[in-house]
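An overview of the molecular structure
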Amino acid sequence: DHDDDDGATEDRPALVGAHAHKGRRASRQDVQGSLAGDDLLRIETSLRHIEERLDAQSRLQEQKDISQDELLEMQFDSMRRDLQVCIKSSDFDNQRTLLHAKIQAMEIEFKDAIHSISSLLREEVSKDARKLQDQLEKVSAAVLQQVRLVDERLKE
């Protein structure tokens, strides 16, 4: 039977009854002599109940801790999924590259379109200028013809 520093073991308290005030350790026989058998049984039963309640509270706290850990892990998983959905800088870089390529392609298309349109306009203006020149030449020839006719009549 090994005594701890306070003299307590699983089945007996350390210093009890009349021996407690003298500062010496109480043995089981001393305790049994000091306390009636019913009192000792009642104390042991009370201690068992206290230990059972402590064990139950400890298990309950452990279950609460586990539940809290699981809840936190679920929240972390949710945040991880939310972060995975967020746009990353590499996505911006890819989009920027894609948009830059599209802009360059559109610039080339616009330059080609402008060149084609300006060529068509030049052709139209040239046609209109030739047509106008032809009309002016016809008008000029007609005016010259009338001037000659007027001159001939005046000479007559």
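Residues numbered from 1 in each chain as written. Predicted model: local features only at pLDDT ≥ 70, side-chain atom pairs only at ≥ 80, totals over all residues. Heavy atoms only, no water.

Before going further, it helps to spend a moment on the overall build of the protein chain. Secondary structure summary: the protein chain contains three helices and zero strands in total. Tracing the protein chain from N to C terminus, the helices and strands come up as α-α-α. Scored against the burial criterion, the 156 residues of the protein chain give a buried share of 5%. Once local pairs closer than 6 in sequence are excluded, the contacts in the protein chain between residues at least 24 apart make up 3%. (Helix = DSSP H or I, 4+ residues; strand = E, 2+ residues; numbered from the N terminus. Buried < 20%, exposed > 50% of the residue type's maximum accessible area, 1.4 Å probe, protein only. Contact = heavy atoms within 4.5 Å.)

Scored by pLDDT, the protein chain has a mean of 82; 78% of the residues are at 70 or more. Per-element confidence in the protein chain ranges from a low mean pLDDT of 56 for helix H1 (residues 28–34) to a high of 93 for helix H2 (residues 37–85). The low-confidence segment residues 10–23 (pLDDT under 50) makes 28 contacts with residues lying over four places distant or belonging to another chain. (pLDDT = per-residue confidence, 0-100.)

Before going further, it helps to spend a moment on the pattern of salt bridges. A complete count under the given rule lists four salt bridges for this structure. Between Asp 77 and Arg 80 there is a salt bridge, with its nearest N and O atoms 2.5 Å apart. Placement of both Asp 77 and Arg 80 in helix H2 is noted, with a separation of three residues, approximately one turn of the helix. Judged by its relative accessible area of 29%, Asp 77 falls in the partly exposed class. A salt bridge links Asp 93 to Arg 96; the shortest N-O distance between them is 3.4 Å. (Salt bridge = Lys/Arg side-chain N within 4 Å of Asp/Glu carboxyl O.)

Turning our eyes to something else, we now look at a nonpolar patch on the surface. The grouping of Ile 43, Leu 47, Ile 50 and Leu 54 at the surface amounts to a nonpolar patch, some 340 Å² of accessible area in total. Mapped onto the secondary structure, Leu 54 falls in helix H2. (Patch = residues over 30% accessible without salt bridge, like charges linked within 9 Å, V, L, I, M, F, W, Y side chains within 5 Å. Areas by Shrake-Rupley, 256 points an atom, 1.4 Å probe, with all protein chains shown as cover.)

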